[in-house]
Amino acid sequence: MIGRKNMGRASPLLLVLLALGFFFAAYNLLTLVIQYKDSSTGLGSGISDSVTGMPANFRKSGKSNLKFHVALTATDAPYSQWQCRIMYYWYKKMKSMPGSDMGKFTRVLHSGKGDHLMDEIPTFVVDPLPEGLDQGYIVLNRPWAFVQWLEKATIEEEYILMAEPDHIFANPLPNLAHGDNPAGFPFFYIKPTEHEKIVRKFYPEEKGPVTDVDPIGNSPVIIKKTLLEEIAPTWVNVSLRMKDDLETDKAFGWVLEMYAYAVASALHGVRHILRKDFMLQPPWDLEVGKRFIIHFTYGCDYNMKGELTYGKIGEWRFDKRSHLSGPPPKNLTLPPPGVPESVVRLVKMVNEATANIPGWDSLNSG
């Protein structure tokens with residue numbers, strides 16, 4: 001068993017290093033934007049347009065219609081806290097709407113101790129990885145957090161949605177999984193077949209073709225609890241092995257843990273239904289439409305003509321990384337005319353949440 005280590009408050013130097021890390025991560029992902037354009041246009045509302053991949057062994061057993069538990073991993077850093085508060089606000093609003101299969105909610109807090117949001121958001125505290133094991137890549141705590149939560153918590157629902165703090169529910173989310181076939185979102189930058197040499201270090205040939213490794217991360221994924229209980233320990237081990245391998249660490253960078261989940265799932269023979277309507281990512285996806293989750297991981301920068309300024313700070317901007325040390329203010333300025341509906345909708349949803357969450361401006365007082 002991995003031992004318990006408490007995680008202290010971030011120092012100013014750590015915040016600077018985090019900011020630099022976020023900058024380089026965003027820059028690296030921006031280099032892939034051109035490839036994303038083709039995959040993010042023309043999304044239809046029907047299932048034939050929304051499903052891009054179906055497991056070969058998919059059993060047409062009908063829609064499950066079973067409640068799923070919403071779980072996200074988080075830290076006690078202010079940057080994580082304000083995102084969790086907004087996410088939980090929209091969960092509560094969408095949970096009881098027609099078409100929703102959402103069950104209960106848990107913030108899996110991997111800081112080793114509680115924080116001042118314990119009474120506001122349903123929270124289960126778990127330990128972080130032992131000091132130094134994550135090598136500064138804090139996302140490695142995610143699979144270890146899920147292992148502990150699954151072992152120790154009482155989870156009533158048969159299915160689990162693995163989510164993240166920077167997710168906002170834009171529409172009521174049904175259970176997209178079908179029986180033992182979980183549902184995932186196909187990320188344009190997760191390309192196992194283009195990294196076959198590296199993937200084979202962790203997914204040997206006798207296990208099957210590299211195409212059996214889905215182009216996904218762990219989130220968003222709706223999966224049977226029993227399947228996740230099998231996959232999660234493997235996900236921890238593969239993540240740590242990948243991080244320890246210099247070639248793999250260099251190739252996968254900030255999405256290493258996502259590749260680790262994809263490989264771990266394949267090692268257990270689990271294939272995902274790939275749903276491109278599961279999520280949208282402004283500013284590259286232009287409209288919300290019938291998609292379910294807004295993922296605000298990218299900075300949205302525009303000039304006052306409503307033109308996107310690629311990789312350059314805009315005259316108008318919304319970027320979560322502008323608020324590393326505390327929450328954004330209430331009533332953010334709306335984007336200028338011409339900015340895509342997805343970005344406008346995102347800012348309006350943030351504004352609604354911050355206007356209605358009690359004590360928003362006093363987040364750091366706890």
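Our subject is the structure that appears above.
For every chain, the first residue of the written sequence is number 1, and numbering continues from 1 along that sequence. Local features are withheld for residues below a pLDDT of 70 in this predicted model, meaning they are given only at 70 or higher, and side-chain atom pairs are given and counted only at 80 or more; totals for whole chains, interfaces and linings count all residues. The side-chain quantities take in all heavy atoms of the structure and omit both hydrogens and water.

By definition here, a salt bridge exists when the distance from a side-chain nitrogen of Lys or Arg to a carboxyl oxygen of Asp or Glu is within 4 Å. According to the stated counting rule, one finds 23 salt bridges in the structure shown. Arg142 is the salt-bridge partner of Glu257, the closest N and O atoms lying 3.2 Å from each other. A residue pair is termed long-range when its members are at least 10 positions apart, and Glu257 in helix α9 (residues 256-267) and Arg142 in helix α5 (residues 141-152) qualify at 115 residues. Residues Arg271 and Asp214 are paired through a salt bridge, measuring 2.9 Å at the closest nitrogen-oxygen approach. Here the residue Arg271 occupies a position in the loop between α9 and β9 (273-275), and Asp214 occupies one in the loop between α6 (196-199) and β8 (221-224), the gap between them amounting to 57 residues. Throughout, exposure labels follow a simple rule: accessible area from a 1.4 Å probe, protein chains only, divided by the maximum for the residue type, with under 20% read as buried, over 50% as exposed, and the rest as partly exposed. Taking the relative accessible area as the measure of exposure, Arg271 reaches 25% and is therefore partly exposed. We classify Asp214 as buried; its relative accessible area is 3%. Three or more residues joined by partner-sharing salt bridges are found here, namely Lys197, Lys201, Asp245 and Glu247. A run of DSSP states H or I qualifies as a helix once it reaches four residues; a run of E qualifies as a strand once it reaches two. Both are numbered from the N-terminal end.

Another point: the environment of Met97. By the secondary structure assignment, Met97 is in the loop between α4 (78-95) and β3 (102-109). Residue classification places Met97 among the partly exposed residues on the basis of a relative accessible area of 36%. With 74 residues separating them along the chain, Met97 and Asn171 place their C-alpha atoms 8.9 Å apart.

On to the pairing of β8, then. Sheet faces and side chains relate simply in a regular strand, where the side chains alternate between the two faces. The two faces of β8 match: Val221 and Ile223 on one face and Ile222 and Lys224 on the other face are all buried. A pair of strands is treated as paired once DSSP finds two or more bridges between them. Relative to β8, strand β5 (residues 159-163) runs antiparallel, the two sharing 4 bridges. Bridging across to β8, Tyr159 finds its partner in Lys224. Summarising the sheet, strand β7 (residues 183-184) and β8 pair through 2 bridges and their orientation is antiparallel. The residue bridging Ala183 from the neighbouring strand is Ile222, located in β8.

Of the consecutive residues Ser219 and Pro220, the connecting peptide bond is found in the cis state with omega at 0 degrees. If you trace the backbone, Pro220 turns up in the loop between α6 and β8. In this structure, Pro283 follows Pro282 across a cis peptide bond, with omega equal to 5 degrees. Summarising the element assignment, Pro283 is placed in the loop between β10 (279-280) and β11 (293-295). For Gln135, which is not glycine, the phi dihedral falls at a positive 55 degrees. Along the polypeptide, Gln135 turns up in the loop between β4 (123-125) and α5. Overall, the relative accessible area of 43% leaves Gln135 in the partly exposed class. Its identity as a non-glycine residue notwithstanding, Asn331 has a phi of 55 degrees, on the positive side.

We now examine the packing of aromatic side chains. Centres within 6.5 Å are what make two rings of Phe, Tyr or Trp a pair, Trp counting through its six-membered ring; a difference in plane orientation under 30 degrees is then read as stacked, over 60 as edge-to-face, and the rest as tilted. For the structure shown, the criterion picks out 18 aromatic pairs. A ring pair is formed by Trp82 and Phe296, whose centres lie 6.3 Å apart and whose planes are at 25 degrees; its orientation type is stacked. In this pair, Trp82 sits in helix α4 while Phe296 sits in the loop between β11 and β12 (300-302), placing the two residues 214 residues apart along the sequence. Residue class for Phe296 comes out buried when judged on its relative accessible area of 1%. A centroid spacing of 6.1 Å and a plane angle of 50 degrees characterise the contact between Phe296 and Phe318, whose relative ring orientation is tilted. Here Phe296 is found in the loop between β11 and β12, whereas its partner Phe318 is found in strand β13 (residues 316-318), with 22 residues between them in sequence. For the pair shown, Phe296 and Phe318 are each scored as buried. Each member of the aromatic cluster is reached from another via a ring pair, and the members are Tyr79, Trp82, Phe296 and Phe318.

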